[in-house]
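Fold and geometry: a report
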Amino acid sequence: MKKTLQSAKEWLQSLSFKTGVTVVAFCIICYILSFAQMLLPFSIAVKGTLWAVFYGLAKASQYTAILILGKTGIEKLKKRFGKTSKSTPMQDT
């Protein structure tokens, strides 16, 4: 089982940056659908089921995107969208 998980992780990490961005877009769409479906005129049971399905897909694709992109890919996305994290060192005064 451990070998299978490790080989799946290595395969996901071998995918391209564009694939990772596509998975992030899918993740965002699933998050939106998981909450937007509450506005539809369905029964509570159907709404709960749809929420669980879409929220589960969003979380699964979120973690998959993290595996695909890796640390450098996430930093690249942050730069592209203007969210650079600039930490300034403490200065002795």
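One structure accompanies this document, and this report is about it.

**Brief notes about the packing of aromatic side chains**
Throughout the structure, instances matching the rule amount to four aromatic pairs. With centroids separated by 5.7 Å and ring planes inclined at 75°, the aromatic side chains of Tyr-31 and Tyr-55 adopt a geometry described as edge-to-face. One end of the pair, Tyr-31, is in helix α2 (residues 17-36); the other, Tyr-55, is in helix α3 (residues 44-80), and 24 residues separate them in sequence. When its relative accessible area of 28% is taken as the criterion, Tyr-55 is described as partly exposed. Between the aromatic rings of Phe-35 and Tyr-55, the centroid separation amounts to 6.4 Å while the plane-to-plane angle is 80°, which identifies the pairing as edge-to-face. Taken as a pair, Phe-35 in helix α2 and Tyr-55 in helix α3 lie far apart in primary sequence, 20 residues in all. Of the residues examined, Phe-35 reaches a relative accessible area of 48% and is grouped as partly exposed. Members of the aromatic cluster, each reached through a chain of ring pairs, are Tyr-31, Phe-35, Trp-51 and Tyr-55.

**Topic: the packing of helix α1 (residues 2-13) against α3**
Taken N-terminus to C-terminus, the directions of α1 and α3 make an angle of 65°; their axes are 7 Å apart at the nearest point. One element, α1, and the other, α3, form an angle in the roughly perpendicular class. Residues Lys-9, Leu-12 and Gln-13 of α1 form the contact with α3, whose participating residues are Thr-64, Leu-67 and Ile-68. Broken down by class, the residue content of the contact of α1 with α3 amounts to three nonpolar, two polar and one charged.

**Digging into the state of the cysteines**
A complete count under the given rule lists zero disulfides for this structure. Left without a disulfide partner, Cys-27 is nearest to the cysteine sulfur of Cys-30, which lies 7.1 Å away. Classification of Cys-30 as buried rests on a relative accessible area of 2%.

**Observations regarding the side chain of Ser-61**
Within the element layout of this structure, Ser-61 appears in helix α3. Setting aside chain neighbours within four positions, we find Ser-61 in contact with Val-23, Phe-26 and Cys-27.

**Observations concerning the packing of α2 against α3**
Relative orientation of the contacting elements α2 and α3 amounts to 145°, with a least axis distance of 7 Å. Like other packed secondary-structure pairs, α2 and α3 cross with a definite hand, here left-handed. Taken together, the residues that form the contact of α2 with α3 break down as 19 nonpolar, seven polar and three charged.

Conventions and cut-offs
Residues numbered from 1 in each chain as written. Predicted model: local features only at pLDDT ≥ 70, side-chain atom pairs only at ≥ 80, totals over all residues. Heavy atoms only, no water. Phe/Tyr/Trp six-rings, centres within 6.5 Å; stacked < 30°, edge-to-face > 60°. Helix = DSSP H or I, 4+ residues; strand = E, 2+ residues; numbered from the N terminus. Buried < 20%, exposed > 50% of the residue type's maximum accessible area, 1.4 Å probe, protein only. Axes fitted to C-alpha atoms, helices over the stretch in contact; angles between N-to-C directions. Parallel < 35°, antiparallel > 145°, perpendicular 65-115°, else oblique. Contact = heavy atoms within 4.5 Å. Nonpolar A, V, L, I, M, F, W, Y, C, P; charged D, E, K, R; others polar. Disulfide = S-S within 2.5 Å. Left-handed = near helix turned anticlockwise from the far one by under 90°.

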